Amino acid sequence: MVRLLINGEERQLDVAPETPLLWVIRDELGLTGTKFGCGIAMCGACTVHMDGFPIRSCSTAVADAEGSEITTIEAVNGKAAQAVQAAWEKLDVVQCGYCQSGQVMSAIALLSENQKPTDEDIDAAMSGNVCRCATYVRIRAAIHEAAEMMET
Amino acid sequence: MLAGLKDSAVSLTADAAPTAAPSRRQFLKASAAAGAGLVIGVTLLPGGGKIARAAAPAAAAPVDPNAFVRIAPDNTVTVAIKHIEFGQGTYTGLSTLVAEELDADWSQMRAEHAPADATLYNNLHWGPVQGTGGSSSIANSYMQMRQAGAGARAMLVMAAAEAWGVSPEEITVAKGVVSHAGSGQSATFGELAERAAAMEPPGEVTLKDPADFTLIGKHAPRLDSRAKSRGEAIYTMDKTLPGMLTAVIARPPIFGATLKSFDDTAARAVPGVTDVVAVPRGVAVVANGFWAASQGRDALTIEWDESTGETRGSAEIMAEYKRLADQPGTVARNDGAVEEAFASAARVLEAEYEFPFLSHAPMEPLDCLVDLKADSCDVWTGSQIPTVDHGAAVAISGLKPEQVRVHTLLAGGSFGRRATANADMVSEGVSVAKAIGGRAPVKVVWTREDDIQGGSYRPMYFHRLRAGLDENGNIVAWHHRIVGQSIVRDTPFAAALIQNGIDKTSVEGANTLPYAIPNLAVDLHTTDVKVPVLWWRAVGSTHTAYSTEAFIDEIAEAVGRDPVEYRLEMLAEHPRHAAVLKLAAEKAGWGEPAPAGRARGIAVHESFNSYVAEVAEVTVGDDGEIKVDKVVCAVDCGVAVNPDQIKAQMEGGIGYGLSAILREAVTLDGGRVEQSNFHDYTPLRINDMPEIEVHIVPSAEAPTGVGEPGTPPIGPAVANAVYSATGQRIRQLPMSLHGLTGA
Ligand code: FES
Ligand code: FES
């Protein structure tokens, strides 16, 4: 039995403790916004927040998430989340969209910590998130846009 | 991908189906679905004919699938999108065409994938095949979708005229509202939908004068942005059915090997594993979730028969290609008297280029969900060629065509990978479902390792180019030899795409070289290698643009000419190439010094009838680190339906191409793929991405595609810039092989 605090709810799950958090989120809890892209922490598609920090759920054992608060894209809220999602829509960042849950989660985490990120800050925070459609120009612009939205 | 099918698709099957000749009359067909409002379809009637309203379906029937436009009483307009949305924007682009002629308000537009039905939803450039590729979605749908919109509009107008007792000519439609100024009446589409469905459809519709466009050429935001920014979009990976099982497949370690025997004792002991079954592609482990299936696969012991497999390494294959290049190949183009011209040339230059296998690595690993029952088979997948996928499901399930349904879902990228002649995802899905007796719905999921190691690569190629120059530095002779595998040989596409022994996809971009060179020959050696290969974003142009545009740059430099002027002199007969080249050069400040520390390179290339020139500005560090700082791109794709999406596709195409030329390669050692995931098949990341500026040439020509054409020029533009920075000509890709790395 693993006890998980996810999206504000406590869940008891009958899974092996070493099961990756990603597959618990997707297959056990049916939350499909968090994506599988590589399984080895190299693409960021599976990014969720653990106590507000972005982590790769594909490479985090579910047991290691016990005692922490997990948030997936389905439940993000707050000023940074609103700004990021509004900016993403405003600039039409997405193409295929498959990486974008992870991109959005990383961007929210960045803006929650640093409300005026430079291009270098963006590179550092976002380079773990691959986008094969190469929407990077717009991801960068949307993060700057969201930072501006948060000021007002 | 699917380059050239547009020219010859009718030969795909014997009974010639209507093709996309713009002059062909199209006819509207409408039907009323009770309670669902107006349903309008446009079908091509090959022999001409009158428009007929389809027989009204039974009261409880679902909405007629024979439709492109559905106007519901809730005032939404839903467009059935016949081309898969995998990032390139078909949901938005095709809906824009409908909304334009319908005079809908953009906020009421919705999009959904059309079902697999090649008679209704075929690609008009391909004949009787439904599919997406060759950057053809907008190009083949431009008139069809506009006619669908115009037909629906006409019926709404007739309904309003009848309701208000006024003449249809006095009625106007704007932003989703139908009005009559004289009487002050107005109504929404939703309010008129039921009545409109009962109208006699118009015989023919008049399309708008482009001067009156309010959406085409303007900004229509993507219809899928919101869902995709919130994790709400459903891909095949996310689709579930009650009781669904998940399967992963152990496939042979080398291409062409076959299964000898396996021991599944340990695999079956993994909690959650329900079945271990042999399927044509290997051994499938089926479980109640992905993780158990994957653990089960790790626990398999398998013996493969490798005697029939490909055991060579990349180096051996390339060495053989080089040997082959010493022999004449099959002629793809032969203008003038090439060898005589070389014999009398004042100077001859030669260069050789090597290209590796490339993986598409779409962000969503391949996947397919199948629900097989005794008398039905439902398939959900990112279907790029529903006609092929449907055919494979029919063949493997043994059911009748009408018992098999293919449901296209959003796909997390493709870049060509989902357009396979053997329907690999669907074939595997149905095989596994059959092997477990259709006991439960089952989804086959590929891991990233399966994807990188699973073949269907952009082929390896070797190119040898020679140019003969006269004493003034003009090119008088050109010889281009290409060695590599055919993408379409032994597939159903061969009849359409291989002519006189030449696979068009191997030579496109080389045999269409636009430069005015009087004596020009291109020949091809098609090789036998047991590695499955496939079209990869821009297909032949991914290598031919590189070799031709890098070589032209080399020649210009050798004869002391400016690379832009030198090209322009040879492009008098190709004004669209010349125009994008000039525009990109001008916008990039070509001829003026580059910013401190940066060097520039330029390239121009046409693919899928779209013309793109790119100027790359690069910095090469002392450690060999290439930083592509900025790319200025000029594109001519005819009428620009959605300028912002054209920009997005240029940005994405440039990033995708850059990723490949900087450091992507699939290499074999003893037949085994050496890379396995994103740690050694290393995609471009945000810190590598240049600033990109896109300029669109205003044009009234028929619209052409933008999904692929942004990709080919970036390689040679960067290569030429790297030369300018370092004096080093990169003729073997990726650039990382030369001690040069992406930033
Ligand atoms: S799936 Fe977790 S980082 Fe790629
Ligand atoms: S939008 Fe397709 S991978 Fe990022």
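Parameters and conventions
- Residues numbered from 1 in each chain as written.
- Chains lettered and ligands numbered in written order.
- Predicted model: local features only at pLDDT ≥ 70, side-chain atom pairs only at ≥ 80, totals over all residues.
- Heavy atoms only, no water.
- Pairing = 2+ DSSP bridges.
- Helix = DSSP H or I, 4+ residues; strand = E, 2+ residues; numbered from the N terminus.
- Axes fitted to C-alpha atoms, helices over the stretch in contact; angles between N-to-C directions.
- Contact = heavy atoms within 4.5 Å.
- Salt bridge = Lys/Arg side-chain N within 4 Å of Asp/Glu carboxyl O.
- Core = buried A, V, L, I, M, F, W, Y, C linked by side-chain atoms within 4.5 Å.
- Buried < 20%, exposed > 50% of the residue type's maximum accessible area, 1.4 Å probe, protein only.

Asker: In this structure, what is going on with the sheet that holds strand β20 (residues 461-469) of chain B? I would like to understand it.
Answerer: Note: strands within a sheet are paired through backbone hydrogen bonds, in either parallel or antiparallel orientation. Residues and elements named next belong to chain B. Reading across the sheet, the five strands line up as β14-β24-β21-β20-β15 and stay open at both edges, with mixed pairing between neighbours. Either end of the sheet is taken by a strand with one partner, and the two such strands are β14 (330-335) and β15 (347-355). Sheet twist, expressed as the mean angle between neighbouring strand axes with direction ignored, is 10°. The sheet contact formed by β14 and strand β24 (residues 519-526) spans five bridges and is antiparallel. By the bridge assignment, Val331 is partnered in β24 with Asp523. Sitting on the sheet, helix α9 (residues 314-324) is in contact with β15, β20, β21 (475-484) and β24, with an inclination near 35° to β20.

Asker: In this structure, what is going on with the pattern of salt bridges? I would like to understand it.
Answerer: Should the charged atoms of two oppositely charged side chains come close, the side chains can pair. All names here are of chain B. Inspection of the entire model under this criterion finds 57 salt bridges over all chains. Glu352 is paired through a salt bridge with Arg464; the nearest N and O atoms lie 2.8 Å apart. Taken together, the residues Glu352 in strand β15 and Arg464 in strand β20 connect sequence positions 112 residues apart. Each of Arg251, Arg281, Arg297, Glu428 and Asp450 takes part in a single network of salt bridges with overlapping partners.

Asker: I tried to follow the nonpolar core on my own but got confused; where do I start?
Answerer: Here is a general trend for soluble globular proteins: nonpolar side chains tend to be buried in one another's company. Formed by 254 residues in total, the largest nonpolar core has its most connected members in Trp88(A), Ile475(B), Trp478(B), Val718(B) and Met735(B). Among the elements that make up this core, the one with the highest residue count is helix α4 (residues 137-164) of chain B (twelve residues). Residues contacting Met735(B), with those up to four places away along its chain left out, are Tyr546(B), Ile626(B), Ile661(B), Leu662(B), Gly715(B), Val718(B), Ala719(B), Val722(B), Ile730(B) and Leu740(B). In terms of nonpolar packing, the next biggest core, distinct from the first, is built from 15 residues, Leu4(A), Val48(A), Met50(A) and Ile55(A) among them.

Asker: I would appreciate a short explanation of the sheet that holds strand β5 (residues 69-71) of chain A in the present structure.
Answerer: Residues and elements named next belong to chain A. Taken together, the five strands give an open sheet; going across it, the order is β2-β1-β5-β3-β4, and neighbouring strands pair in mixed fashion. Edge positions in the sheet fall to β2 (9-13) and β4 (53-56), since each of these pairs with one other strand and no more. Across the sheet, the axes of successive neighbouring strands diverge by a mean angle of 40°, strand direction being ignored. Alignment of strand β3 (residues 47-50) against β4, held across four bridges, turns out to be antiparallel. Note that in β4 the partner of His49 across the bridge is Pro54. With respect to the sheet, helix α1 (residues 21-28) is in contact with β1 (2-6), β2, β3, β4 and β5, its orientation differing from that of β1 by roughly 80°. Taken strand by strand, helix α3 (residues 100-113) contacts β3, β4 and β5, and its axis lies near 35° from that of β3.

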